[in-house]
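# Survey of secondary and tertiary structure
Residues per chain, in single letters:
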Amino acid sequence: FYFNINIKHKIEYYKKFENRKNMVKISIIMTINNTEYLVERTVESIIKQTIKDIEVICVDCNSDSGVLRRLSEEYDFIKVFRTTEISQSEARNYGLSKANGEYVAFINSKDQYMDENALEKMYMYAHKNDADMVCGNIQVIKQDGSVDKSYDRKSSKFNYFLKKDVLEPVEYGTPEIFNKNIYKRSFLTQNGFEFSNDITFDDPIFMAKVLTNIRDLYVINTDFYGLNNNIDLIDTYDK
């Protein structure tokens, strides 16, 4: 009898252990089109993150990236899905449908994560407060991946947070910068939030859906997202 109980406890223990191994705290969704030459740098910035319970869902649109193939063979948490003739919006939605994480992050294959602790800090803050979304700080980067110090991010409170705080959704600011945040996956899926395929500039529409359905906006003072500087930033609230 004692032997059977012991075996039962061991089985339960190993089941729990397997579940912990299979848990994913954050799913990082990345779409790749014509930026293969920057993909390795982007993925390296993810690999360096201190949080390890993650998966990287790469939706490869027509590039057939050899770099991705090599990285996915080297790291089992990198999953590559190859698609053809779909838009970036459809690719992001496809990646979201494949995600298993408690939270979801989106990264463009020309951008990168900055602070190596950023994802872990944002996840811990989100998990502690059961937050639907947590926002971090952005930095603008040059083509070589270095920080563009000419961009005065501190002049805009919408792109720079000095402390952990809880704001109202209307205080979010620049609506097209959606990838400086992590989102609770159940919040997105249960509300049916997806990227619109029928317009070219779909990022503000996605954020409008989120911000009009969220109660509290959690922000954290960590340098999270490095935005490639070939994009013109909308840097004022009025705009």
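Scoring rules and cut-offs
- Residues numbered from 1 in each chain as written.
- Predicted model: local features only at pLDDT ≥ 70, side-chain atom pairs only at ≥ 80, totals over all residues.
- Heavy atoms only, no water.
- Helix = DSSP H or I, 4+ residues; strand = E, 2+ residues; numbered from the N terminus.
- Buried < 20%, exposed > 50% of the residue type's maximum accessible area, 1.4 Å probe, protein only.
- Contact = heavy atoms within 4.5 Å.
- Areas by Shrake-Rupley, 256 points an atom, 1.4 Å probe, with all protein chains shown as cover.
- Core = buried A, V, L, I, M, F, W, Y, C linked by side-chain atoms within 4.5 Å.
- Phe/Tyr/Trp six-rings, centres within 6.5 Å; stacked < 30°, edge-to-face > 60°.
- Polar contact = N/O pair within 3.5 Å; in protein donor to acceptor, adjacent residues only side chain to side chain.
- Salt bridge = Lys/Arg side-chain N within 4 Å of Asp/Glu carboxyl O.
- Arc of directions from axis to C-beta.
- pLDDT = per-residue confidence, 0-100.

Looking only at helices and strands, the protein features seven helices and nine strands. Among the 239 residues that make up the protein, the fraction classed as buried is 49%. Considering only contacts within the protein whose residues lie at least 6 apart along the sequence, 76% involve residues at least 24 apart. Accessible surface for the protein amounts to roughly 12,700 Å². Of this, 48% is attributable to carbon and sulfur atoms.

This part takes up the nonpolar core. Counting residues in hydrophobic clusters, the biggest one holds 39 residues, and the most contacted among them are Ile26, Ile28, Tyr113, Leu119, Val134, Ile182 and Phe224. Of the residues forming this core, the biggest block, six residues, is contributed by helix H5 (residues 118-129). Filtering out sequence-adjacent residues up to four positions away, Ile26 remains in contact with Ile51, Asp53, Ile54, Glu55, Gly101, Tyr103, Ala105, Leu119 and Tyr123. Among the nonpolar cores identified, the runner-up in size contains 27 residues, and Ala91, Leu167, Ile214 and Val219 belong to it.

So, about the packing of aromatic side chains. Under the criterion given, the structure shown has 16 aromatic pairs. For the ring pair Tyr113 and Phe224, a centre distance of 4.8 Å and an interplane angle of 15° mean the geometry is stacked. In this pair, Tyr113 sits in strand S5 (residues 112-113) while Phe224 sits in strand S9 (residues 217-228), placing the two residues 111 residues apart along the sequence. Grouping residues by exposure puts Tyr113 and Phe224 together as buried.

Here we take up the side chain of Ser45. Topologically, Ser45 is positioned in helix H2 (residues 36-47). Once residues lying within four places of it in the same chain are set aside, the contact partners of Ser45 are Gln112 and Tyr113.

So, about the environment of Tyr225. As for its placement among the helices and strands, Tyr225 is situated in strand S9. Measuring from C-alpha to C-alpha, the distance between Tyr225 and Lys180 comes to 5.5 Å, with 45 residues separating the pair along the chain. Not counting the four nearest positions on each side in its chain, Tyr225 is found in contact with Phe106, Ile107, Asn108, Asp111, Gln112, Tyr113, Met114, Asn137, Ile138, Gln139, Asn179 and Lys180. A polar atom in the side chain of Tyr225 sits 2.7 Å from the side chain of Asp111.

This paragraph deals with the pattern of salt bridges. Evaluation of the coordinates by the stated rule reveals eleven salt bridges. Lys184 is the salt-bridge partner of Asp132, the closest N and O atoms lying 3.9 Å from each other. Of this pair, Asp132 sits in the loop between H5 and strand S6 (133-141) while Lys184 is found in strand S8 (residues 181-184), placing the two residues 52 residues apart along the sequence. A residue is classified by how much of its surface remains accessible, and Lys184, at 12% relative accessible area, is buried. The partner of Asp216 in a salt bridge is Arg215, with the nearest N and O atoms 3.4 Å apart. For Arg215, a relative accessible area of 70% corresponds to the exposed category.

Residue placement: Ser109 occurs in the loop between strand S4 (103-108) and S5. Looking at Ser109, its side chain comes within polar contact range of the main-chain oxygen of Thr31, at 3.3 Å.

As a further point, take unusual backbone geometry. As a rule of thumb, non-glycine residues mostly have phi less than zero, and peptide bonds are mostly trans rather than cis. A positive phi angle is found at Asp130, which is not glycine, with a value near 50°. Assignment of secondary structure puts Asp130 in the loop between H5 and S6.

Bringing the environment of Glu85 into the picture now. Relative to the elements of secondary structure, Glu85 occurs in the loop between strand S3 (78-83) and helix H4 (88-98). Taking C-alpha positions, Glu85 is 7.2 Å from Cys61, a pair spaced 24 residues apart along the chain.

To continue, consider the environment of Ile214. Counting through the fold element by element, Ile214 comes out in the loop between helix H7 (203-211) and S9. For Ile214, the residues in contact, after removing those within four places along its chain, are Asp132, Met133, Pro169 and Phe187.

Residues Val67, Leu68 and Leu71 constitute the buried set of helix H3 (residues 66-74). Buried residues in H3, looked at end-on, bunch into an arc of 95°, giving them a common side.

Right, let's get into the confidence of the model for the protein. For the protein, the average pLDDT comes to 82, and 79% of its residues sit at 70 or higher. Per-element confidence in the protein ranges from a low mean pLDDT of 45 for helix H1 (residues 2-22) to a high of 98 for S8. The low-confidence segment residues 1-5 (pLDDT under 50) makes zero contacts with residues lying over four places distant or belonging to another chain. Across residues 13-21, where pLDDT falls below 50, the model places one contact with residues more than four positions away in sequence or in other chains.

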